[in-house]
Amino acid sequence: MTTATDTAPQSRQTWSADSYSTHARFVADLAGAVVDWLAVKPGERILDLGCGDGALTRKIADAGAIVKGVDKSPDLLAAAVALSLDVEEGDGHELSFDNEFDAVFSNAALHWMNQPEKVIDGVWRALKPGGRFVAEFGGHGNVAAIVTAMRAVGMMRGGDETLAGPWFFPSPEVFADMLAAPGFGVKRIGLFPRPTPLKTGMKVWLKVFRKPFFEQFGDDMENVLQEVEDLLRPCLCDARGNWTADYVRLRVEAVKPA
Ligand code: BEZ
């Protein structure tokens, strides 16, 4: 996970390591498939782009790789440092590594980076010839119901509904074309619907992941949260009160030719 790169201050997403660890632990817990795609070999040098609190970076290091984590959030990075990881603060759009890594890995981070061509160029430069880019993030249709509910309430209340969905959720076709531009060969890519149980509920998810949308309503924020939750209940909450988010993942492995 990384921080948003939105430029307008009111749309900037911020993170707290404590809140992330309590309410978003599932992000790392559900990343088994992309870690499998990475298939770490001991001794490899791997860059974890958008490493967040380092939960997956630690796993990759424990598998024998020499890992460097990069993230934009100082608070999340402090949690990664506490796991004895080599991390640095940085923006995924401004990667300055050159020919250094056998693999670049990224989980649940690229959808926060709204200039993907710049990110891909940085990844390309960071990789050695023959290196691979293995990533998973929100794909086309990700959290579509949630975004639509926020937009609907935002419009009805005369707010800025564009704050409801700042994310980059491409289709495989669009992302594959972006990867091809610098010369990546796409080995495999696909969309994977992954309905995701929200143990701490929908309101908490909304507050953790899209605070800037709700903050625009000031003292009315709790009412707006309630309206969005009410709209979503029929499709994302079961009869026992269990919430599920409509996640769709895009997973990809691409190779820089040797
Ligand atoms: C995701 O991991 O797909 C995601 C997380 C937070 C907001 C939007 C998408």
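Whatever comes next refers back to the structure up there.
Note that the structure is a prediction, hence the values are computed from the model and not measured.

The rules behind the values
Throughout, a residue's number is its position along its own chain's written sequence, starting from 1. Owing to the predicted nature of the model, reporting of local features is limited to residues with pLDDT of at least 70; listing and counting of side-chain atom pairs is limited to 80 or more, with chain, interface and lining totals taken over all residues. Neither water nor hydrogens contribute to the side-chain values; these are computed over all heavy atoms in the structure. Salt bridges, as used here, are contacts in which a Lys or Arg side-chain nitrogen is within 4 Å of a carboxyl oxygen on Asp or Glu. Secondary structure elements follow DSSP: runs of H or I of four or more residues count as helices, runs of E of two or more count as strands, with numbering from the N terminus. Working definition: with a 1.4 Å probe on protein chains only, accessible area under 20% of the residue-type maximum means buried, over 50% means exposed, and in between means partly exposed. Residue contacts are counted whenever heavy atoms from the two residues lie within 4.5 Å of one another. For this purpose, a residue is taken to be near a molecule or strand whenever a single non-hydrogen atom of the residue falls within 4 Å of it. Any pair of nitrogen or oxygen atoms within 3.5 Å is treated as a polar contact; in protein, a donor-acceptor pairing is required on top of that, and neighbouring residues in sequence qualify only through side-chain atoms on both sides. Methods summary: accessible areas were calculated by the Shrake-Rupley approach with a probe of 1.4 Å, and residue burial reflects only the protein chains presented. Only Asp, Glu, Lys and Arg are considered charged, only Ala, Val, Leu, Ile, Met, Phe, Trp, Tyr, Cys and Pro nonpolar, and every remaining residue, Gly among them, polar. Here a strand pair is declared whenever DSSP counts at least two bridges between the two strands. Whenever a helix is involved, its axis is fitted only over the stretch in contact; in every case the axis is a line through C-alpha atoms, and angles between N-to-C directions fall within 0 to 180 degrees. In plain words, nonpolar cores are sets of buried Ala, Val, Leu, Ile, Met, Phe, Trp, Tyr and Cys residues tied together by side-chain atoms within 4.5 Å.

(A) Representation of the pattern of salt bridges in the model. Taken as a whole and assessed by the stated rule, the structure comprises 17 salt bridges. As a salt-bridge pair, D102 and K128 come within 3.2 Å of each other at their nearest N and O atoms. Residue D102 is located in strand β4 (residues 101-107), and its partner K128 is located in strand β5 (residues 127-138); the two are separated by 26 residues in the primary sequence. Under the relative-accessibility criterion, D102 is labelled partly exposed at 21%. A salt bridge links E253 to R188; the shortest N-O distance between them is 2.8 Å. Of this pair, E253 sits in strand β7 (residues 243-255) while R188 sits in strand β6 (residues 185-198), and the two are 65 residues apart along the sequence.

(B) View of the side chain of E136. Turning to its location among the elements, E136 is positioned in strand β5. Aside from chain neighbours lying at most four places away, what touches E136 is V34, S106, N107, A108, A109, R194, R249, L250 and R251.

(C) Spotlight on the site of the ligand. Near the ligand you find H111, W112, N142, W167, F169, W205, F209, Y247 and R249, and these make up its full shell. In this structure, N142 approaches the ligand through a side-chain N or O atom, which is 2.7 Å from an oxygen atom. In the environment of the ligand, an oxygen atom lies 2.6 Å from a nitrogen or oxygen atom belonging to the side chain of R249. Expressed as a share of its isolated accessible area of 260 Å², the protein-covered part of the ligand is 100%. Within the residue set of the shell around the ligand, elements represented by two or more residues are α9 (202-209) and β7. Of the residues belonging to the shell around the ligand, the class tally is six nonpolar, two polar and one charged.

(D) The sheet that holds β4, seen in detail. The strand order across the open sheet built from seven strands is β3-β2-β1-β4-β5-β7-β6, with neighbouring strands paired in mixed fashion. The open sheet has two edge strands with one neighbour each: β3 (86-89) and β6. Between one strand axis and the next, the sheet turns by 15 degrees as a mean value, whatever way the strands run. Two elements, strand β1 (residues 45-49) and β4, share three bridges in a ladder whose sense is parallel. If you follow D48 over to β4, its bridge partner there is F105.

(E) Region of interest: unusual backbone geometry. One non-glycine residue with positive phi stands out, namely A39, at about 45 degrees. Tracing the chain through its elements places A39 in the loop between α3 (32-38) and β1. For A108, which is not glycine, the phi dihedral falls at a positive 55 degrees. Inspection of the secondary structure assignment puts A108 in the loop between β4 and α6 (116-126). The buried category is assigned to A108, whose relative accessible area is 3%.

(F) Local environment of the pairing of β3. With four bridges joining them, strand β2 (residues 66-71) and β3 adopt parallel strand pairing. Considered in β3, the bridge of V70 is made with E88.

(G) Region of interest: the nonpolar core. Membership of the largest hydrophobic core comes to 33 residues, with the highest contact counts inside it found for I146, M202, W205, L206, F214 and V228. With six residues, the top contributor of residues to this core is helix α11 (residues 221-236). Counting 26 residues, the second-largest nonpolar core is a separate cluster that includes F101, M113, F175 and F184.

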